[in-house]
Amino acid sequence: MLYPFSPQADLHVHTVASGHAYSTLGEIVQEAARKGLKMVGMTDHGPGLPGGPHPYHFAALRFVPEYLHGVRVLRGIEANILGIGQLDLEDVLLDRLDLVMAGFHEDCGFDERGRDENTRAVLALMDNPKVKVIAHPGNPNFPLDYRAVVEKGAATGTALEINNSSFFISRRGSDGNCREIIRLCAELGAPVTVGSDAHIAQGVGEFDDALGALAAAGIKWEQVVNRTLESALTFLGLPA
Ligand SMILES: [Zn+2]
Ligand SMILES: [Zn+2]
């Protein structure tokens, strides 16, 4: 089974500002418009990732218009988890953003902590109302107590991202973990986002593997918070 629609919003896209991605915001948004997307979340990596942008990148996002080529652009971040409830950008800058995702990445100072400490770090961030999405929680390099995390998502309204790239190009070994997370989201009703995690314009809006896994597990379309422009804005608490 597949859904009859594709999400209108891609909430996870990297520009050249990430330091290891290959398209400008303009190129990404043009490609998004061509594919019929209505929203793109510009979620460059946080400053803690080697080669990542300086905090000034996030401070200056006010220069980015709300709409480019008819596509709503979210000023966002894929922040790095640095400790229990701790991210790599200060609150005064996080507060200005439309979309804060939090995720584990190697070489940011939180490697090899083990499942219990990883889980504590994520659960603490899910209590932070600024953090709307946990990025690629199925990463096998950062094991988690998936039931605890999905239960927390259902309780706090923090979404778990089902990352399309995790199924074929990034974070090898994610597949089974992602399917377990999806199964728990179906059981417990936690909100879900689908993201391309594109690092080049051509990847924006590519969701097929993630959508196939969600549909196979019986996730309701209404559970996918980025299914429409309006549902994504509502989820993020942004005005239409
Ligand atoms: Zn990246
Ligand atoms: Zn990531």
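Residues numbered from 1 in each chain as written. Chains lettered and ligands numbered in written order. Predicted model: local features only at pLDDT ≥ 70, side-chain atom pairs only at ≥ 80, totals over all residues.

## Notes on unusual backbone geometry
Phase 1 of the analysis: Even without being glycine, His-69 reaches a positive phi, approximately 50 degrees.
Phase 2 of the analysis: For His-69, a count of 14 C-beta atoms within 10 Å gives the class partly exposed.
Phase 3 of the analysis: The backbone phi angle of Asp-107 is positive, close to 70 degrees, even though this residue is not glycine.
Phase 4 of the analysis: Mapped onto the elements of the fold, Asp-107 is located in the loop between strand S6 (99-103) and helix H4 (115-126).
Phase 5 of the analysis: Its 11 C-beta neighbours within 10 Å are what place Asp-107 among the exposed residues. (Buried ≥ 20, exposed ≤ 12 C-beta atoms within 10 Å, placed from the backbone. Helix = DSSP H or I, 4+ residues; strand = E, 2+ residues; numbered from the N terminus.)

## Looking at helix H5 (residues 146-156)
Phase 1 of the analysis: All buried positions along H5 are accounted for by Tyr-146, Val-149, Val-150, Lys-152 and Gly-153. All buried residues of H5 project into a common sector of 155 degrees when viewed along the axis, lining one side.
Phase 2 of the analysis: Just past H5, the residue Gly-157 takes up positive phi, approximately 80 degrees. (Arc of directions from axis to C-beta.)

## Thoughts on the pairing of strand S2 (residues 39-45)
Phase 1 of the analysis: The buried count for S2 comes to seven of seven residues, which makes it a mostly enclosed element.
Phase 2 of the analysis: Looking at chain direction, strand S1 (residues 9-13) and S2 are connected through three bridges and run parallel. Of the residues in S2, the one forming a bridge with Val-13 is Met-42.
Phase 3 of the analysis: Once the chain exits S1 it traverses helix H1 (residues 25-34) before rejoining the sheet at S2, and the crossover so formed is right-handed.
Phase 4 of the analysis: Of the strand pairs in this sheet, S2 and strand S4 (residues 71-83) are connected by seven bridges, and their pairing is parallel. When the bridges of S4 are listed, Thr-43 appears paired with Gly-76. (Pairing = 2+ DSSP bridges. Right-handed = clockwise from strand over helix to strand, strands pointing away.)

## What about the nonpolar core?
In summary, soluble globular proteins display a tendency toward joint burial of nonpolar side chains.
Phase 1 of the analysis: Membership of the largest hydrophobic core comes to 68 residues, with the highest contact counts inside it found for Val-40, Ala-102, Cys-185, Val-192 and Leu-214.
Phase 2 of the analysis: Broken down by element, the residue count for this core peaks at six residues, all from S4. (Core = buried A, V, L, I, M, F, W, Y, C linked by C-beta atoms within 7 Å.)

## Digging into the packing of H4 against H5
Phase 1 of the analysis: The geometry of H4 relative to H5 is characterised by a closest axis approach of 10 Å and an angle of 5 degrees between their N-to-C directions. Of the possible angle classes, the one that applies to H4 and H5 is roughly parallel. On H5, the residues that touch Thr-119, Val-122, Leu-123 and Met-126 of H4 are Ala-148, Val-149, Lys-152, Gly-153 and Thr-156.
Phase 2 of the analysis: In the contact of H4 with H5, the residues fall into five nonpolar, three polar and one charged. (Axes fitted to C-alpha atoms, helices over the stretch in contact; angles between N-to-C directions. Parallel < 35°, antiparallel > 145°, perpendicular 65-115°, else oblique. Contact = placed C-beta atoms within 7 Å. Nonpolar A, V, L, I, M, F, W, Y, C, P; charged D, E, K, R; others polar.)

## Concerning the environment of Asn-226
Phase 1 of the analysis: You can see Asn-226 is positioned in the loop between helix H7 (208-216) and helix H8 (229-236).
Phase 2 of the analysis: Along the backbone, Asn-226 and Val-192 are 34 residues apart, and their C-alpha atoms lie at a distance of 8.2 Å.
Phase 3 of the analysis: Contact partners of Asn-226, with chain neighbours within four places excluded, come to Pro-7, Ala-9, Leu-11, Thr-193, Val-194, Ser-231 and Ala-232.

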